[in-house]
Structures are given as structure tokens and as C-alpha cells.
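So you can see what is in the structure, the chains are spelled out below.
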Amino acid sequence: MSFELIFRPDDGYFLTTPTGWQWSANLPANVSTRLLKTKKDEPDLVKLYYVALSPDGGYFISWKDAEGATWTDHTLSASHPDLVSWIKTNNNTGYEADNYKVFLGPGGQFFARGNKGETQGLKWAKVPTALEATIPEMMSNGAWKDGQTPSSVTIGVDNAFVILCNGGSRIKWSGNIAEVYPTFHKEVLEKFKEGRSYEFLALNPYKRDQHFAVWDDGSSGWKLPTALSKIVQEEATKFVDLRAAESTASLVAAQAREARSIALLNQATRLADAGMRRAMRSSEAMGCIGTGYHYEYYDEFGNRTY
């Protein structure tokens, strides 16, 4: 269940919710027709994994079809050749299409993550110098330091950036984040004090002090243009309700499983106790009948034991 926002130029957007997608005008035709299932002779999209949109109209999309196969599609060969080469190599070596996370910026800029089982691959180009310098600091002997495995990266204006690490429970940002995105900066400090972690975060790469965030409890926060803010507010309310219903259903299912486990354990205990009692009784004399000169002993089943 996801609730994510992609910023586009001129206050445009692409919004993913648990019940579908919404987008502003001028979405790349291949993306909109695939989402609307109007493409002919190509795999139908039944589950969208990820969409990335570049400022020049390029896109990356990954999805699952009706037969369970996963696919990727893009128009980035000219604008992001390094990314295309990396994705092609990954797809040929077992990387899962459902685990790609891609940020597309202007002038060929990108930051991408892909998973192959427990192995994580990263690729980037033309990112801010401070971001590129931060990545090696997060590693030791070719592996990520504890709690510093990148989950996603978002890049804003003036080379500001945020790296979500360890599934969103840790975060790194550029030195100018408080100046360029003050609303986000204040918000993140408050939320981390509450022990919250991020499920999703996007800085607006076209305008200062605009962002959208979702936390692990299903709540969300943002600073957006008025029209988009109204749309997000409506969807955010639905998302919280869906998450609450999902949590309730999970709790009920967990309680039912626990009750069944306790019942089975009690039944097994009763059977074990009964078996032990029968075993003890059958190994002892359960009664005696006098016959004048000697005694005959019988077990509980009437069998003579002496």
C-alpha cells in the first residue's frame, strides 16, 4: 500500500494512492495509455511498481502483468544512457523490476537503486558534489555501515538533497536543507523526536520549500501549491483510514491465529496428559479378585496381569 508523489514542472504532479493514480496534464503518452490499459499487443499493467518522470518528458516505469511477469519501460536512452545501460545489465542478471527506485533530474541527472535478493545496487550521474561525496562516507570495506543502507534519494533545488537510510528510520541531508526547505527541516526534526520513520519523501526539484512526506504510521505532511494541496489532503485522509482498517484486520487475524495456536496447544496437552495417565494405569494392578487361595490382578482393560 503506497502513497507517493512525483513533482513535475509548472506545479504538475503524478500521485500514487492505494486505489489508483492521479496526474496533471501532459503526462508522457506511453505512461498514461499504459495506466489506462489502452495499449494493444503489449503486456497489460495490473500492478504498478514505480514511475519516475524527468523534467524533459522522459520516464521510467516498472509493473506486473496479468500473468505475474514483471516489466520495465523507459524513454531515457538519449537523456540518461548510463542509467539505461545499468538497468539493462540488471534485468539480465536477476534484479527484480519491483524493487527499482529511480530519481530523474535535469540534464541527465539521476540516482537509482535496485535489488537482487539481499544484494543492493546503486547507480548515479551528475548528482550534487556533496551527495556524491556523502556516499563513500556511508560505507566501510565495500559494505554499508550499520543503519546507513540507502532506501531512496530525493534532490531539490540549489543542490539540496535528502538520503533516506535503513528503510527511512535514518536520514542524511545536505548542509543547506534548512535554508532551502525550512518547512521540511522543521517537520523532520519534530517527527524524529516522536520516533517516526519515513516511508516516502520527495523534495520539489523545481521550487524551494515544497515537499511531500509519508511516515510509518500512515500520517503525511507537505507544503504544496494550493490546488495540489487540496487533492493530497483528500487522499491523505483516505490513506489514514485504509491503513487503520488494514491494521485492524491484521490485528484480528493475528488474534485468531494466536487463539488457534492456544487451542491446539491445550488440545495437545490434554491428549498428552491422557496418554500418560493411561500408560501409568496399564503398568499397575488396577484391581484384585479373591479366588480362595491366591489373587489375580487385572489392568484397566480386564486383562489378567498375574
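This one's a predicted model, so the numbers in the text were calculated from it and none came from an experiment. Counting restarts for each chain: residues are numbered from 1 in the order of the written sequence. Given that this is a predicted model, residues contribute local features only at a pLDDT of at least 70 and side-chain atom pairs are listed and counted only at 80 or more, while totals for whole chains, interfaces and linings are drawn from all residues. Side-chain metrics in this entry use all non-hydrogen atoms of the structure; hydrogen atoms and water are not considered.

A. Representation of the overall build of the protein in the model. We count a stretch as a helix when DSSP gives it H or I for four or more residues in a row; a strand needs E for two or more, and each element gets its number in order from the N terminus. Secondary structure assignment for the protein yields 6 helices and 19 strands. Looking at the protein as a whole, 41% of its 306 residues qualify as buried. Contacts between residues were defined by any pair of non-hydrogen atoms, one from each residue, lying within 4.5 Å. Contacts in the protein between residues far apart in sequence, at least 24 positions, make up 39% of those at least 6 positions apart. With a 1.4 Å probe rolled over the protein chains alone, any residue whose accessible area is under 20% of its type maximum counts as buried; one over 50% counts as exposed, and the rest are partly exposed.

B. Geometry of the packing of aromatic side chains. When two rings of Phe, Tyr or Trp (its six-membered ring) have centres within 6.5 Å they constitute a pair, described as stacked for plane angles under 30 degrees, edge-to-face for angles over 60, and tilted for the intermediate range. Evaluated as defined, the whole model comprises 13 aromatic pairs. Ring plane angle 35° and centroid distance 6.4 Å describe the contact between Phe212 and Trp222, whose orientation is recorded as tilted. Of this pair, Phe212 sits in strand 16 (residues 211–215) while Trp222 sits in strand 17 (residues 220–223), and the two are 10 residues apart along the sequence. Accessibility classification places Phe212 together with Trp222 in one group, the buried group. By way of ring pairs, the aromatic residues Phe3, Phe200, Phe212, Trp222 and Phe239 are connected into one cluster. Ring-over charges, as used throughout, are those where CZ of Arg or NZ of Lys falls within 6 Å of the ring centre and within 35 degrees of the ring normal. The ring of Trp215 carries the charged tip of Lys191 above its face, separated from the ring centre by 4.4 Å.

C. Summary view of the side chain of Thr16. With respect to the helices and strands, Thr16 occurs in strand 2 (residues 12–17). Those residues in contact with Thr16, other than ones at most four positions away along the chain, are Ser2, Phe3, Glu4 and Trp21.

D. Seen up close, the environment of Leu48. Summarising the element assignment, Leu48 is placed in strand 4 (residues 47–53). For the pair Leu48 and Asp98, spaced 50 residues apart in sequence, the C-alpha to C-alpha distance is 8.5 Å. Every residue in contact with Leu48, bar those within four places of it in the chain, is listed here: Phe14, Trp21, Leu35, Ile61, Ser62 and Trp63.

E. Geometry of the confidence of the model for the protein. pLDDT is a per-residue confidence score from the predictor, ranging from 0 to 100. Looking at the protein as a whole, the pLDDT averages 82, with 77% of positions reaching at least 70. When the elements of the protein are averaged for pLDDT, strand 18 (residues 287–290) gives the smallest value, 36, and helix 4 (residues 177–180) the largest, 96. In the model, residues 283–298 has pLDDT below 50 throughout and makes 29 contacts with residues more than four positions away in sequence or in other chains.

F. Fine view of the pairing of strand 5 (residues 59–64). Burial of strand 5 is extensive: 5 of the 6 residues sit out of reach of the surface. The rule for pairing is simple: two strands pair if DSSP sees at least two bridges between them. By the bridge criterion, 6 bridges tie strand 4 to strand 5 in an arrangement that is antiparallel. Bridge pairing in strand 5 links Leu53 to Tyr59. With antiparallel pairing between neighbouring strands as the criterion, strand 4 and strand 5 make up a hairpin whose turn holds 5 residues, including Gly57 at a positive phi of roughly 95°.

G. Region of the structure containing unusual backbone geometry. Of note in the backbone geometry, Asp158 takes a positive phi value of approximately 55° without being a glycine. Mapping Asp158 onto the fold places it in the loop between strand 12 (150–155) and strand 13 (161–165). Judged by relative accessible area, Asp158 falls into the partly exposed class, the value being 46%. Even without being a glycine, Asn159 presents a positive backbone phi close to 65°. Relative to the helices and strands, Asn159 is located in the loop between strand 12 and strand 13.

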